[in-house]
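Here is what each chain is made of, one letter per residue.
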Amino acid sequence: MSYLIKSLVITLSILLSATAFAGNTSYYGSKFHGKRTASGSIFNMNSLTAAHRTLPFGTKVQVTNKKTKQSVIVKITDRGPFIRGRILDLSKAAAGQINCQLCTTTMEILSYGDGRYRRE
């Protein structure tokens with residue numbers, strides 16, 4: 001890995017060290033069930049996964065519904081949401097665990113994934 005790339009990775013890590021974010025969260029389910037996600041895996045609406053615009057695939061985040069204080073840990077496997085003002089799309093199962101169809105959440109990054117495409 002070149003010096004420039006290493007420097008960029010370190011800088012990005014420092015910038016991302018603020019690991020808590022807040023915003024609107026929605027869910028996606030049956031329309032996409034069984035289809036391939038941006039990470040290469042097959043979307044299962046009954047698994048604890050989520051879509052985020054920029055986090056590396058495989059990143060684990062704890063999502064907390066600000067109203068109910070319920071939390072769930074999900075893995076980023078897809079890209080989205082593509083609606084302005086939303087920070088995360090949860091799988092149907094994950095949304096059900098925190099009672100969220102469209103809600104305001106906080107998102108805390110627990111561990112970063114490697115971002116690799118996986119055809120599972």
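Residues numbered from 1 in each chain as written. Predicted model: local features only at pLDDT ≥ 70, side-chain atom pairs only at ≥ 80, totals over all residues. Heavy atoms only, no water.

The chain has the name Endolytic peptidoglycan transglycosylase RlpA in an unreviewed UniProt entry, where Psychrobacter cryohalolentis is given as its organism.

Each helix and strand counted, the chain has 2 helices and 6 strands in total. For the chain, the residues scored as buried account for 35% of the 120 residues in total. Put simply, 75% of the contacts in the chain that link residues at least 6 apart link residues at least 24 apart. By element, 56% of the accessible surface of the chain is carried by carbon and sulfur atoms, the whole surface being about 7,400 Å². (Helix = DSSP H or I, 4+ residues; strand = E, 2+ residues; numbered from the N terminus. Buried < 20%, exposed > 50% of the residue type's maximum accessible area, 1.4 Å probe, protein only. Contact = heavy atoms within 4.5 Å. Areas by Shrake-Rupley, 256 points an atom, 1.4 Å probe, with all protein chains shown as cover.)

The next thing to look at is the environment of Arg36. Along the chain, Arg36 falls in the loop between strand 1 (20-28) and strand 2 (49-51). A polar side-chain atom of Arg36 sits 2.3 Å from the main-chain carbonyl oxygen of Gly40. (Polar contact = N/O pair within 3.5 Å; in protein donor to acceptor, adjacent residues only side chain to side chain.)

Let us look at the packing of aromatic side chains. Overall, the coordinates contain 2 aromatic pairs when judged by the stated rule. With centroids separated by 5.7 Å and ring planes inclined at 65°, the aromatic side chains of Tyr28 and Phe32 adopt a geometry described as edge-to-face. By relative accessible area, Phe32 is classed as partly exposed at 37%. Pairing Tyr28 with Phe43 gives two aromatic rings, centres 4.4 Å apart and planes at 15°, and the pair type is stacked. Residue Tyr28 is located in strand 1, and its partner Phe43 is located in the loop between strand 1 and strand 2; the two are separated by 15 residues in the primary sequence. Taken individually, Tyr28 and Phe43 each receive the classification buried, so the pair is uniform in this respect. An aromatic cluster of three or more residues is present, and its members are Tyr28, Phe32 and Phe43. Directly above the ring of Phe57 sits Arg79, whose terminal nitrogen or CZ lies 4.2 Å from the centroid. (Phe/Tyr/Trp six-rings, centres within 6.5 Å; stacked < 30°, edge-to-face > 60°. Lys NZ or Arg CZ within 6 Å of the ring centre and 35° of its normal.)

It is worth spelling out the state of the cysteines at this point. Under the defined criterion, the tally for this structure stands at 1 disulfide. A sulfur-sulfur separation of 2.1 Å characterises the disulfide bridge that pairs Cys100 with Cys103. Residues Cys100 and Cys103 share a disulfide whose torsion about the S-S bond is about -100°; that sign makes it left-handed. Neither residue differs from the other here; Cys100 and Cys103 are each classed as buried. (Disulfide = S-S within 2.5 Å.)

Another point: the sheet that holds strand 6 (residues 102-111). In a beta sheet, neighbouring strands are held together by backbone hydrogen bonds and run either parallel or antiparallel to one another. Judged by pairing direction, the barrel is mixed, and its 6 strands sit side by side in the order 1-5-2-4-3-6 before closing back on the first. Ignoring strand direction, the axes of neighbouring strands in this sheet form an average angle of 45°. Two strands pair when backbone bridges link them, and strand 1 and strand 6 are joined in this way by 7 bridges, in the antiparallel orientation. Bridged to Asn24 within strand 6 is Thr104. (Pairing = 2+ DSSP bridges. Axes fitted to C-alpha atoms, helices over the stretch in contact; angles between N-to-C directions.)

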